[in-house]
Structure formats: structure tokens, C-alpha cells
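As a plain string of letters, each chain reads:
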Amino acid sequence: MSSSKKQALFIASLITLWYSSNIGVILLNKFLLSNYGFRFPIFLTMCHMSACAAFSYVSIVFLKLVPLQLIKSRPQFIKIATLSVVFCASVVGGNVSLRYLPVSFNQAVGATTPFFTAVFAYLITFKREAWITYAALVPVVTGVIIASGGEPSFHLFGFIMCISATAARAFKSVLQGVLLSSEGEKLNSMNLLLYMSPIAVLVLLPSTLIMEPNVLEATLLLGREHKFMWLLLLINSATAYAANLTNFLVTKHTSALTLQVLGNAKGAVAVVISILLFRNPVTVIGIGGYVITVLGVVAYGEAKRRFK
């Protein structure tokens, strides 16, 4: 086999793994939190972060997938800790929303990330885009408003948590660009995950004990009732790390434009699979709203690329 064919096969395998892990972790989260009776989103996030900490250490220190980057100063550590707290908030918010909202609607709301990124970039860094780029964000927001009106399983608290998680994710990406902007402080996403994950666990542990005090008792009980409970939790946590790892590798081996197109398509694939699996009711208005949002995201990405 020629080297170009090998490279194409490698990238295709990476993209398949990226899709599988990203969509898999969302569907498993939904299954555990809504269908399985495991109602502990903060503890679930702590499991994810624990797995990310352990697997990141093995991948970087032992397998040497990427070179280890050391924290060089106390201010750099404080910046990473700040990012970790925001990262925590986004993951917890997303997991909490899955208890109340179908995956299809959760993905529609999540597609508005570029809108919040543009808002925070303007507020924090005073970075302005071309007017046509901002104009492309109008259908992004309009689509979600339409989808909300046409969502049969709409839940206000779930919606608020989903919007908060989406905003926190956008805030984290802007904050990361600001806090770790100097060449000496920049970390690749794998090293950043290595340092953020243990901090996240330390933040989530007291939060779990205070807000989900009966989690251990309930989890042990569920483990006795369902023999695959612990295996599901383990697979779910490992998949959360795999989603981060494959995201890093796809970013490294493809162009920014390819990544953007694949990211938009990934949300649509997740929506279709979730509807087929969970059989949640959808309406023409809801689907129409989601399509408008995705088209807005595509237009925004294209406008941003052309009018840089």
C-alpha cells in the first residue's frame, strides 16, 4: 500500500474513532442519567475527570504520545486552575442538561457555541470580526429559538443548564487564548488536560459530597441491581478520555477547515442516532430550527475564514 493511501486510511480511522467516542460519550451519558436511573451528573463528571487524569498520565509519561510540558510558574498554575474550574462547569452543565433534555435538542443548543465565542471574544479581548461574520450568527440563534418552540420535551431548567454549559465552553476557549497566550506558557490540549483533570477532581469531590450526598449508597445499590453498571461507568469514563485524545489527533492531522466541517456534521450524526436509539418525539419545527442553526454555523465558519 502506498504511503498516501496509508495516510488516508489512518486519517479515516482517526475520524471514525473521533465520531464514535464523541457521540458515544453523549449517548452513554444520556442512557446513564435518564434511562438507567443513575441521577448523579456531578459524580459522573468526576468519574470522567478521574479517567482523563489517569489516562493522560499514562499517555504522556509512559506512552509518550506527546512530549511532557512542565508548569513553569505559580501564575501559570493559577491560570490552568481557573481554566479547569470553567471546564468543570461546562461539563457538569452539559451532563445535568442531559437528565432533562433529549440529545437531539441538547446538540441543537450546543451548536450555538460560535455565538458565545464571538460575544466573549469581543467582551474580553475587544476582538472584532467583519459585520458579515456577525450577520451569520443571526440564524445560529434564530434556529435554536425556533427549535425550542418546537421541542415536545422542552424543560426550562434543562435548557438553562444546556445554555450555561455552551456559554462556559465558549468562555473557556476564549479564556485559554488569553491566559496561555505567551509562548512560554502555551500547552497543547493533551498536556492541558493532564493538569486540568486532577484539579477538576479536587473541585468536583466536595461538590459531589454536598450536592449528591447519597451517591455512593445509590451507586452500590444500582451496581447490585444491574450487573453491567460498573462496566458501563468504566466504558463511559474511558470514552470521555478517548473523545479528548481523538479530538487532539484529528486537529493535529487535518486542517482547521476539515475539522470545522467534520464538527458540524458530527452534531447532525449524533442527533440522528439519538432519535433512533431513544425514540424521543421530534417535530418538523424542531428539525427545521436545528437545520437553520447548523447552516448558520457553516456560514459563520466560512465568513470567518474569508474575512480574516
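Throughout this description, residue numbers start from 1 for each chain and increase along the sequence as written. Given that this is a predicted model, residues contribute local features only at a pLDDT of at least 70 and side-chain atom pairs are listed and counted only at 80 or more, while totals for whole chains, interfaces and linings are drawn from all residues. With hydrogens and water stripped out, all remaining heavy atoms of the structure feed into the side-chain values.

A. Looking closely at the side chain of Thr208. Mapped onto the secondary structure, Thr208 falls in helix H9 (residues 189-211). Two residues qualify as a contact provided that any one of their heavy atoms is within 4.5 Å of a heavy atom in the partner residue. Ignoring any residue separated from it by four or fewer positions in sequence, one finds Thr208 in contact with Ile42, Phe43, Met46, Pro213 and Val215. A helix here means a DSSP run of H or I that spans at least four residues, while a strand means a run of E at least two residues long, and both kinds are numbered starting from the N terminus.

B. Representation of helix H2 (residues 41-62). With 22 residues, H2 ought to run about 32 Å at 1.5 Å a step, and its terminal C-alpha atoms sit 31 Å apart, in line with that. Phi turns positive, to about 50°, at Lys64, one or two residues after H2. Given a helix with a known number of residues, its expected span is that number minus one, times 1.5 Å.

C. The nonpolar core, seen in detail. Formed by 63 residues in total, the largest nonpolar core has its most connected members in Phe38, Phe43, Ile80 and Leu233. Every element with two or more residues in this core is listed here: helix H1 (3-35), H2, helix H3 (74-100), helix H8 (156-179), H9, helix H10 (215-225), helix H11 (229-253) and helix H12 (256-278). No other element matches the 11 residues that H1 contributes to this core. In this structure Phe43 touches Phe38, Thr208, Glu212, Val215, Thr219 and Leu233, once residues within four positions along its chain are discounted. Among buried residues, the Ala, Val, Leu, Ile, Met, Phe, Trp, Tyr and Cys ones that are joined through side-chain atoms within 4.5 Å form a nonpolar core. Throughout this description, buried means an accessible area under 20% of the type-specific maximum (1.4 Å probe, protein chains only), exposed means over 50%, and partly exposed covers the range between.

D. Up close: the environment of Ser73. Tracing the backbone through its elements, the reader meets Ser73 in the loop between H2 and H3. Distance from Ser73 to Glu185, taken between C-alpha atoms, is 8.9 Å for residues 112 residues apart in sequence. Within the structure, the side chain of Ser73 is placed 3.3 Å from the backbone nitrogen of Gln76, a separation counted as a polar contact. Polar contact is defined as a pair of N or O atoms within 3.5 Å, subject to the rule that within protein one atom must be able to donate a hydrogen and the other to accept it, and that residues adjacent in sequence are counted only when both atoms are side-chain atoms.

E. Up close: a nonpolar patch on the surface. Here a patch means residues that are over 30% exposed by relative accessible area and free of salt bridges, tied together within 9 Å if like-charged and within 5 Å if nonpolar (Val, Leu, Ile, Met, Phe, Trp, Tyr). Accessible surface area values rest on a Shrake-Rupley calculation with a 1.4 Å probe, where residue burial reflects the displayed protein chains alone. Note on definitions: salt bridges are taken to be side-chain nitrogens of Lys or Arg within 4 Å of carboxyl oxygens of Asp or Glu. Together, Tyr57, Val58, Phe62, Leu63 and Leu65 make up a nonpolar patch on the protein surface, roughly 520 Å² of accessible area in all. By the secondary structure assignment, Val58 is in helix H2. Taking the relative accessible area as the measure of exposure, Val58 reaches 37% and is therefore partly exposed.

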